[in-house]
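# Geometric and topological summary
Chain residues, written in single-letter form:
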Amino acid sequence: MARNTCQQIADALLRLMDQKELDSITVRELTEEANINKKTFYYHYHSIAELLDWMCFTKFFSYTEETKLTASNWTLYMGMITSAIRNNRSYITKILSSGYSPEFLQSMSNVIGIMMESYVLQLIEEWETDHTEHMSISKTQLEYLTRYHTMAFFGVAQKWFQNGMELSDEEFTSMFLMLSNDSIFRALELMSGMEK
């Protein structure tokens, strides 16, 4: 029931965004559009910014909760990311041109970071299986490696988005994988040989 209410509120926000600028939408307008009271809204969210964060994780990029990211399905996930960006382009553009932009960019970065960490952990697991030995990567090294590649993806995706997504989803995915795959493997091998 709670998820249905959250979805109802999110859908109401999108309808309002089709009519007006995001910054001018009030909680009162949103609750009227969603046919709920303010108490219900504040039970689920403290603010519209928090609602946008929820939407980032569950509406725009909902597949992150449904399937475990692995090295073998990474290309599929990359395609899903680019498709989600393309399919929600008008809403994302409106959010990024609003005062909510910094928080939403952080939410997107967090989503990508979760996926990137899962991917790196899967690469480590595959490497250990292939080499029948343990790869000694510290938690700090994993955090830095994940953050580096998260920001690399995020920066390239922002440029792609700003350029009007002139590359197809498949072309963008192929380009990013070409840029990142070898560097992740190389970093893992170097880090595993570092003194802790």
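Located above this text is the structure these notes cover.
All values derive from a computational prediction rather than experimental measurement.

Analysis parameters
- Residues numbered from 1 in each chain as written.
- Predicted model: local features only at pLDDT ≥ 70, side-chain atom pairs only at ≥ 80, totals over all residues.
- Heavy atoms only, no water.
- Buried < 20%, exposed > 50% of the residue type's maximum accessible area, 1.4 Å probe, protein only.
- Helix = DSSP H or I, 4+ residues; strand = E, 2+ residues; numbered from the N terminus.
- Arc of directions from axis to C-beta.
- Salt bridge = Lys/Arg side-chain N within 4 Å of Asp/Glu carboxyl O.
- Core = buried A, V, L, I, M, F, W, Y, C linked by side-chain atoms within 4.5 Å.
- Contact = heavy atoms within 4.5 Å.
- Phe/Tyr/Trp six-rings, centres within 6.5 Å; stacked < 30°, edge-to-face > 60°.
- Polar contact = N/O pair within 3.5 Å; in protein donor to acceptor, adjacent residues only side chain to side chain.
- Axes fitted to C-alpha atoms, helices over the stretch in contact; angles between N-to-C directions.
- Parallel < 35°, antiparallel > 145°, perpendicular 65-115°, else oblique.
- Left-handed = near helix turned anticlockwise from the far one by under 90°.
- Nonpolar A, V, L, I, M, F, W, Y, C, P; charged D, E, K, R; others polar.

### What about helix α2 (residues 27-34)?
- Regarding α2, the residues found buried are Val27, Leu30, Thr31 and Ala34. Along α2, the residues classed as buried sweep out an arc of 95° about the axis, all on the same side.

### Some remarks on the pattern of salt bridges
- Evaluated as defined, the whole model comprises four salt bridges.
- Residue Glu32 is joined to Arg28 by a salt bridge in which the shortest nitrogen-to-oxygen separation is 3.0 Å. Of this pair, Glu32 and Arg28 both sit in helix α2, separated by four residues, roughly a single helical turn.
- Its relative accessible area of 53% is what places Glu32 among the exposed residues.

### Observations regarding the nonpolar core
- Leu13 and Leu51 are the most contacted members of the largest nonpolar core, which has 64 residues in total.
- Among the secondary structure elements, those contributing two or more residues to this core are α1 (2-17), α2, α4 (48-60), α5 (74-87), α6 (89-96), α7 (101-131), α8 (139-162) and α9 (169-192).
- By residue number, the principal contributor to this core is α7, which donates eleven residues.
- Discounting chain neighbours no more than four positions away, the residues touching Leu13 are Leu22, Ile25, Leu30, Ile48, Leu51, Leu52 and Met55.

### Examining the packing of aromatic side chains
- Summed over all chains, the structure comprises six aromatic pairs.
- Both rings, one in Tyr45 and one in Trp54, keep their centres 6.3 Å apart while their planes meet at 65°; by these two values the pair is edge-to-face.
- Take Tyr45: its relative accessible area is 3%, and that puts it in the buried class.
- The interplanar angle of 75° and the centroid separation of 5.9 Å between the aromatic rings of Phe153 and Phe172 together place this pair among those described as edge-to-face. Note that Phe153 is positioned in helix α8 and Phe172 in helix α9, a separation of 19 residues in sequence. Like Phe172, Phe153 is buried.
- A network of ring pairs unites the aromatic residues Phe41, Tyr42, Tyr45 and Trp54 as a single cluster.

### Section: the side chain of Thr58
- Of note, Thr58 is situated in helix α4.
- Among the residues examined, Thr58 registers a relative accessible area of 7% and is labelled buried.
- One polar contact links the side chain of Thr58 to the main-chain carbonyl oxygen of Trp54, over a distance of 2.7 Å.

### Describing the packing of α8 against α9
- Relative to each other, α8 and α9 sit at 160°, their axes nearing to 11 Å. When the axes of α8 and α9 are compared, the pair comes out roughly antiparallel. The element α8 and its partner α9 pack so that their crossing is right-handed. Contacts from Gln141, Leu145, His149, Ala152, Phe153, Val156, Ala157 and Trp160 of α8 reach α9 at Asp169, Phe172, Met175, Phe176, Ser180, Ser183, Ile184, Ala187, Leu188 and Met191.
- Of the residues contributing to the contact of α8 with α9, the split by class is 13 nonpolar, four polar and one charged.

By themselves, these observations are geometric and do not establish any function.
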